[in-house]
Amino acid sequence: MIQSKYLRRALAGLALPVLAATLLAACDGGSSSSAAASAQGAGQSQVKPGSADQIALGRYLTKAADCAACHTTATGAPFAGGVELASPFGKFYGSNITPDKQHGIGKWSADQFYKALHDGVTPDKHLYPAMPYTSYRSMTRADSDAIYAYLMQQKPVAVPTRAPDLSFPYNMRFGMMFWNVPFLKDQLADASSGKSAMWLRGQYLSNALGHCAECHTPRGAFGQLDLSKSLTGAALGRVAAPNITPGGLAAVGWTAADLQTFFATGIAPQGSAYGEMFPVVHLSTQYLSKDDLTAVTTYLMGDQPLPPQPVKTINADAMELDAGKRLYTAVCAGCHGFQGDGKPHVAVAMKGNSTVRNADPHNLIVAMLDGIEAQKFPGTESLQDMPGFAGQLNDKELAQLSNFLRATWGGQPASITADQIKALRLTTAAH
């Protein structure tokens, strides 16, 4: 679920478009196999409808599905909607899903709620896949009913849902019935391989509930998920969702243990969650059980994880590296350390940082241009805000700084040019 506030930043930052207007707002208003659906918890189907156990299960699943990210604003009532969702086609707004009978889902039945999640159809309209029913489609009926039971226990809030602000032809909502025919699938392709119960549970958590593919899978010409490139990364306006296939994770140094720690706490040796990934951790993954965190990690990395690749040694122009080093010493070392080791409660390490190691420098450049807000993570960990250097360093200087970081600690070629910096700088104001 995409929040425009975070689209201004780099996705998963230093850690980790198209005919249909349907796309870049992952919340308006089948990803796993049947084996995975059954593996998601056989006992859950035995929960008594309307019981305290079902409501408790619904609370857990609502967090696992990250519903608050699009349906709760920073200052609004829980699930009352209003979150602005920016796209190149206009603006969408998260809908009111409290049990208010006029503005929310108070008149919906459990059947109608399931149809919205499974088919993208509410009692009065088609949804844009904005609300990621393309992933929620394979959510089990038992889990849908539990989420519905939980939401119906929330306080009704009489806040109208704002209609999307879209230009023609994207404002013609009935077109979604035609989009659904070729593009609404019962299953999403798997980027990893496995057969274990833990892998199957992770498949369900990642593909259906967590809807990871909605951000991390490229889109085709009509805004549909390109399932031939599942989880290989995708550009979402200002940000780029990184490659989280087994190969992509191994290439930037992730281990299963570190990835699990990242989902639980938002911070790991490879960096911290910020941008779009911060609310995912803050509102969702930190609340998953230890077993479910293990399951998500197992699915993303596979039953047989690839070993993390070491940082390569890079040969680069000494004068350019020296210029970048001087800039790093002047504006970065105070927080990130002179040797790139980072400082607890201040800043993450640059040495081995997954974004510094990423072959695509997009997110690194965006982070340096825009900065990163201060973040408080689960437990006692927090990081100070990182200022943006768009007004302090010119394009050449930022290119030199980028190249120093990549060649020294990222194992990537020092090939960033001032033109690449300029191109991203020019898009800053638009996001």
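So, a few notes on the structure that sits alongside this text. (Residues numbered from 1 in each chain as written. Predicted model: local features only at pLDDT ≥ 70, side-chain atom pairs only at ≥ 80, totals over all residues. Heavy atoms only, no water.)

With that settled, consider the overall build of the protein chain. Across its full length, the protein chain holds 20 helices and nine strands. In the protein chain, which comprises 431 residues, the share counted as buried stands at 56%. Surface accessibility of the protein chain: about 17,800 Å² in total, with carbon and sulfur atoms responsible for 56%. (Helix = DSSP H or I, 4+ residues; strand = E, 2+ residues; numbered from the N terminus. Buried < 20%, exposed > 50% of the residue type's maximum accessible area, 1.4 Å probe, protein only. Areas by Shrake-Rupley, 256 points an atom, 1.4 Å probe, with all protein chains shown as cover.)

Let's shift gears to the pairing of strand β2 (residues 90-93). Summarising the sheet, strand β1 (residues 84-87) and β2 pair through four bridges and their orientation is antiparallel. Within the sheet, the bridge partner assigned to alanine 86 lies in β2 and is lysine 91. Bridge analysis of β2 against strand β3 (residues 165-166) gives two bridges, and the strand direction is antiparallel. Paired with glycine 90 across the strands is leucine 166, a residue of β3. (Pairing = 2+ DSSP bridges.)

Of all hydrophobic cores here, the largest spans 95 residues; its most connected members are Phe113, Leu151, Leu209, Phe263, Leu300, Tyr328 and Leu405. Ignoring sequence-local partners within four residues, the contact set of leucine 300 consists of Ser192, Leu231, Ile244, Thr245, Pro246, Leu249, Leu259 and Phe263. (Core = buried A, V, L, I, M, F, W, Y, C linked by side-chain atoms within 4.5 Å. Contact = heavy atoms within 4.5 Å.)

Now for the environment of glutamate 276. Summarising the element assignment, glutamate 276 is placed in the loop between β7 (271-272) and α13 (277-283). Sequence spacing of glutamate 276 and valine 239 is 37 residues, and the spatial spacing of their C-alpha atoms is 8.6 Å.

A few words on a nonpolar patch on the surface. Residues Phe168, Met172, Phe174, Met177 and Phe178 make up a contiguous nonpolar surface patch of about 560 Å² in total accessible area. When its relative accessible area of 55% is taken as the criterion, phenylalanine 178 is described as exposed. (Patch = residues over 30% accessible without salt bridge, like charges linked within 9 Å, V, L, I, M, F, W, Y side chains within 5 Å. Salt bridge = Lys/Arg side-chain N within 4 Å of Asp/Glu carboxyl O.)

This part takes up unusual backbone geometry. Cis geometry is adopted by the peptide bond preceding proline 169, which originates at phenylalanine 168 and carries an omega value of 5°. By the element assignment, proline 169 lies in the loop between β3 and α8 (176-183). The backbone of phenylalanine 79 sits at a positive phi, close to 65°, despite the residue not being glycine. Within the element layout of this structure, phenylalanine 79 appears in the loop between α4 (68-71) and β1. Positive phi, normally seen in glycine, also occurs at histidine 345, with a value near 65°. Tracing the backbone through its elements, the reader meets histidine 345 in the loop between α16 (333-336) and α17 (354-357).

What follows concerns the pattern of salt bridges. Tallied over the full model, the rule gives twelve salt bridges. For arginine 425, the salt bridge goes to aspartate 395, with nearest N and O atoms at 2.7 Å. With arginine 425 in helix α20 (residues 418-426) and aspartate 395 in helix α19 (residues 395-410), this pair connects stretches of sequence that are 30 residues apart. Looking at arginine 425, the relative accessible area reads 22%, which means it is partly exposed. Taken together, the shared-partner salt bridges in this structure form one network comprising Lys115, Asp119, Arg137 and Asp186.

Moving on, we get to the sheet that holds β3. Taken in spatial order, the three strands make up an open sheet running β1-β2-β3, and their pairing is antiparallel. Both edges of this open sheet fall to β1 and β3, since each of them pairs with a single strand only.

With respect to the element layout, arginine 406 can be found in helix α19. It is aspartate 360 that comes nearest to the buried, bridge-free arginine 406 among opposite-charge side chains, at 6.8 Å. Within the structure, arginine 406 has its side chain in polar contact with the backbone oxygen of asparagine 358 (distance 2.9 Å). Other than its neighbours up to four places away in sequence, arginine 406 contacts Val356, Asn358, Ala359, Asp360, Pro361, Leu364, Gly411, Gln412, Pro413 and Ile416. (Lys, Arg positive; Asp, Glu negative; His and termini not counted. Polar contact = N/O pair within 3.5 Å; in protein donor to acceptor, adjacent residues only side chain to side chain.)

Geometry of a packed helix pair, given as the angle between the helix axes and the separation of the axes. Following both chains from N to C, one finds helix α5 (residues 110-119) and helix α7 (residues 141-151) inclined at 115°, their axes separated by 9 Å at the closest point. The two elements α5 and α7 meet at a crossing, and its hand is right-handed. Across the interface between the two elements, Ala110, Asp111, Phe113, Tyr114 and Leu117 from α5 touch Arg141, Ser144, Asp145, Ile147, Tyr148 and Leu151 from α7. For the contact of α5 with α7, the residue count by class is seven nonpolar, one polar and three charged. (Axes fitted to C-alpha atoms, helices over the stretch in contact; angles between N-to-C directions. Left-handed = near helix turned anticlockwise from the far one by under 90°. Nonpolar A, V, L, I, M, F, W, Y, C, P; charged D, E, K, R; others polar.)

A few words now on the packing of helix α3 (residues 52-64) against α7. Relative to each other, α3 and α7 sit at 100°, their axes nearing to 7 Å. Taken together, α3 and α7 sit at an angle that is classed as roughly perpendicular. Across from Gln54, Ile55, Leu57, Gly58, Arg59, Leu61 and Thr62 in α3, the residues of α7 making contact are Asp143, Asp145, Ala146, Ile147, Ala149 and Tyr150. When grouped by side-chain class, the residues that make up the contact of α3 with α7 number seven nonpolar, three polar and three charged. (Parallel < 35°, antiparallel > 145°, perpendicular 65-115°, else oblique.)

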